[in-house]
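These are the residues of each chain, in order.
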Amino acid sequence: DLILIGLICVILMLNLLMKKGYYRAPSILLIIISWSAMTYLMWTGEGVYDGSEIAYFAVLLLAYLFLGWKFTLGILIASLISIWASVFLEIKGIYIPESPKEVTVYARDISIILLIVSVLGFIYLRKVDMYVNRVTEELSERIKAEKALQGSRENYKNLFEDAADGVLIGNS
């Protein structure tokens, strides 16, 4: 329960950073925390048998969406190393996975983590979509303003070139 409370506090902190316009740092923190949680569940549960490493896919998807392929590649390599280290240590007898005392508690924890990651992914994707829409809108307005300015320049140019009388511009 303490871990869940800490995770909620971190989520609130990330949300505050997002509201202030910082997107990259909260995204990196979200991915690292999610990956660490999945790795912790795998190593404290039944190792590679419990399926928690499958949740790496959600983390990889979020990493790709928020941070690009280079960061995602790093997370993928770290995930593969973690999985194979678990297998290697188990084969050597150094690491013996423990079964959770209550399967329902373990399933609840995994479900909560996956739900949190999914909800955060939705929130961040929505914010990214809002940002893209805002940038597109501003770009459209700038293009319209540029076209209007170009038209205005043409009108003034034609006014001076087509004038039958001379035009003098001076400062007074």
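Note that the structure is predicted; figures quoted are calculated from it, not measured. (Residues numbered from 1 in each chain as written. Predicted model: local features only at pLDDT ≥ 70, side-chain atom pairs only at ≥ 80, totals over all residues. Heavy atoms only, no water.)

## So, the overall build of the chain
And then number 1: Looking only at helices and strands, one finds five helices and zero strands in the chain.
And then number 2: Overall, the chain shows an N-to-C arrangement of helices and strands of α-α-α-α-α.
And then number 3: Counting across all 172 residues of the chain, residues that qualify as buried make up 25%.
And then number 4: Of the contacts made within the chain by residues no fewer than 6 positions apart, 70% connect residues no fewer than 24 positions apart.
And then number 5: Split by element, the accessible area of the chain, about 12400 Å² in all, is 66% carbon and sulfur. (Helix = DSSP H or I, 4+ residues; strand = E, 2+ residues; numbered from the N terminus. Buried < 20%, exposed > 50% of the residue type's maximum accessible area, 1.4 Å probe, protein only. Contact = heavy atoms within 4.5 Å. Areas by Shrake-Rupley, 256 points an atom, 1.4 Å probe, with all protein chains shown as cover.)

## Focus on the packing of helix α2 (residues 24-44) against helix α4 (residues 69-91)
And then number 1: Viewed as axis vectors pointing N to C, α2 and α4 meet at an angle of 10°, and their least axial separation amounts to 11 Å. As far as their axial angle goes, α4 and α2 are roughly parallel. As for the relative orientation of α2 and α4, their crossing is right-handed in sense. In contact with Ile 28, Ile 31, Ile 32, Trp 35, Thr 39, Met 42 and Trp 43 of α2, α4 contributes Phe 71, Ile 75, Ala 78, Ser 79, Ser 82, Ile 83, Ala 85, Ser 86 and Leu 89.
And then number 2: Within the contact of α2 with α4, the residues separate by chemical class into 12 nonpolar, four polar and no charged. (Axes fitted to C-alpha atoms, helices over the stretch in contact; angles between N-to-C directions. Parallel < 35°, antiparallel > 145°, perpendicular 65-115°, else oblique. Left-handed = near helix turned anticlockwise from the far one by under 90°. Nonpolar A, V, L, I, M, F, W, Y, C, P; charged D, E, K, R; others polar.)

## Some points on the confidence of the model for the chain
And then number 1: Confidence along the chain averages 76 in pLDDT terms, with 76% of residues attaining 70 or more.
And then number 2: The secondary structure element of the chain with the lowest average pLDDT is helix α5 (residues 103-162), at 76, and the one with the highest is α2, at 83.
And then number 3: Contacts of residues 100-104 to residues separated by more than four positions or lying in other chains number two contacts, the stretch itself having pLDDT below 50. (pLDDT = per-residue confidence, 0-100.)

## What to know about the nonpolar core
And then number 1: Of all hydrophobic cores here, the largest spans 23 residues; its most connected members are Ile 31, Phe 66 and Tyr 124.
And then number 2: With seven residues, helix α3 (residues 56-67) is the single largest residue contributor to this core.
And then number 3: Ignoring sequence-local partners within four residues, the contact set of Tyr 124 consists of Leu 14, Met 18, Pro 26, Leu 30 and Phe 66. (Core = buried A, V, L, I, M, F, W, Y, C linked by side-chain atoms within 4.5 Å.)

## Remarks on helix α1 (residues 2-19)
And then number 1: In this model α1 runs 26 Å from its N-terminal to its C-terminal C-alpha over 18 residues, within 8% of the 26 Å that 1.5 Å per residue would give.
And then number 2: Buried within α1 we find Leu 7, Ile 11, Leu 14 and Met 18. One side of α1 carries all its buried residues, which in axial view fall inside an arc of 65°. Along α1, exposed side chains directed more than 90 degrees from the buried face belong to Leu 2, Leu 12, Leu 16 and Lys 19.
And then number 3: Following α1 by one or two positions, Gly 21 adopts a phi angle in the positive range, close to 100°. (Expected span 1.5 Å × (residues − 1). Arc of directions from axis to C-beta.)

## Some details on the environment of Lys 127
And then number 1: The topology assignment puts Lys 127 in helix α5.
And then number 2: For Lys 127, a relative accessible area of 16% corresponds to the buried category.
And then number 3: Each C-alpha atom of the pair Lys 127 and Lys 19 lies 9.6 Å from the other, and the pair is 108 residues apart in sequence.
And then number 4: Residues contacting Lys 127, with those up to four places away along its chain left out, are Asn 15, Met 18 and Lys 19.

## Points about α4
And then number 1: For α4, spanning 23 residues, the distance from its first C-alpha to its last is 32 Å, which sits close to the expected 33 Å at 1.5 Å a residue.
And then number 2: Turning to α4, its buried residues are Thr 72, Ile 75, Ser 79, Ser 82, Ile 83 and Ser 86.
And then number 3: On its buried face, α4 sits against α2 and α3.
And then number 4: Downstream of α4 by one or two residues, Gly 93 has phi in the positive range, about 80°.

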